[in-house]
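Observations on the model geometry
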Amino acid sequence: MNIDHAWDLHPQVSVRPEPFGALLYHFGTRRLSFVKDRRLLAVLRALPHAPTVRAACSEAGVGATELPRFTAALSALAGSSMVVERAAP
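As the structure is a prediction and not an experimental result, all values here were calculated from the model.

Rules behind the numbers
- Residues numbered from 1 in each chain as written.
- Predicted model: local features only at pLDDT ≥ 70, side-chain atom pairs only at ≥ 80, totals over all residues.
- Heavy atoms only, no water.
- Helix = DSSP H or I, 4+ residues; strand = E, 2+ residues; numbered from the N terminus.
- Buried < 20%, exposed > 50% of the residue type's maximum accessible area, 1.4 Å probe, protein only.
- Pairing = 2+ DSSP bridges.
- Axes fitted to C-alpha atoms, helices over the stretch in contact; angles between N-to-C directions.
- Core = buried A, V, L, I, M, F, W, Y, C linked by side-chain atoms within 4.5 Å.
- Contact = heavy atoms within 4.5 Å.
- Patch = residues over 30% accessible without salt bridge, like charges linked within 9 Å, V, L, I, M, F, W, Y side chains within 5 Å.
- Areas by Shrake-Rupley, 256 points an atom, 1.4 Å probe, with all protein chains shown as cover.
- Salt bridge = Lys/Arg side-chain N within 4 Å of Asp/Glu carboxyl O.

1. What to know about the environment of A87
Structurally, the position occupied by A87 is in the segment after strand 5 (83-85). By relative accessible area, which is 65% here, A87 ends up exposed. In this structure the C-alpha to C-alpha distance between A87 and H5, which are 82 residues apart in sequence, comes to 9.8 Å.

Rendered as structure tokens:
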């Protein structure tokens, strides 16, 4: 995942906030993912209006030292098609 590109939740993904973080359900693949970090949920919510993943992380309060961990988590979500790279306008 290139964090200097724009990404979004897949259009078929539903996010349900939970006390531990969130549940993500992909209606197309029927996959369920657990987000166990509320800041990762904040990053996911920031993605649609952020110009890049890096900007979404910054908006959610993710510092430079934590960026690799969040990038890995987002890459795993990309691997299961929960997040997809935004098409160029």
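2. Focus: the sheet that holds strand 2 (residues 13-18)
The strand order 2-3-4 describes an open sheet built from three strands, whose pairing is antiparallel. At either end of the open sheet lies a strand with only one pairing partner, and these are strand 2 and strand 4 (31-35). Within the sheet, the average angular offset between the axes of one strand and its neighbour, ignoring direction, is 20°. Taken together, the five bridges between strand 3 (residues 21-26) and strand 4 define a ladder with antiparallel strand orientation. For A22, the partnering residue across the bridge sits in strand 4 and is V35.

3. Some details on the nonpolar core
Ranked by internal contacts, the top residues of the largest apolar core, which has 24 residues, are L24, V43, L44, C57 and L74. Among the elements that line this core, the one with the most residues is helix 1 (residues 38-46), at five residues. Setting aside residues up to four positions removed in sequence, L24 forms contacts with L9, V13, S14, V15, R31, L32, S33, V35, L44, L77 and M82.

4. Some points on the environment of G21
Inspection of the secondary structure puts G21 in strand 3. Using a relative accessible area of 0% as the deciding quantity, one classes G21 as buried. The spacing of G21 and E66 is 45 residues in sequence and 17 Å in space, taken between C-alpha atoms.

5. Focus on a nonpolar patch on the surface
A surface patch of nonpolar side chains, amounting to about 300 Å² of accessible area, comprises F20, L32 and F34. Looking at the secondary structure, you find F34 in strand 4.

6. Here's the deal with unusual backbone geometry
Positive phi, normally seen in glycine, also occurs at R30, with a value near 65°. Topologically, R30 is positioned in the loop between strand 3 and strand 4. For R30, a relative accessible area of 66% puts it in the exposed group. Of note in the backbone geometry, S81 takes a positive phi value of approximately 65° without being a glycine. Within the element layout of this structure, S81 appears in the loop between helix 3 (67-79) and strand 5. With relative accessibility at 31%, the residue S81 sits in the partly exposed group.

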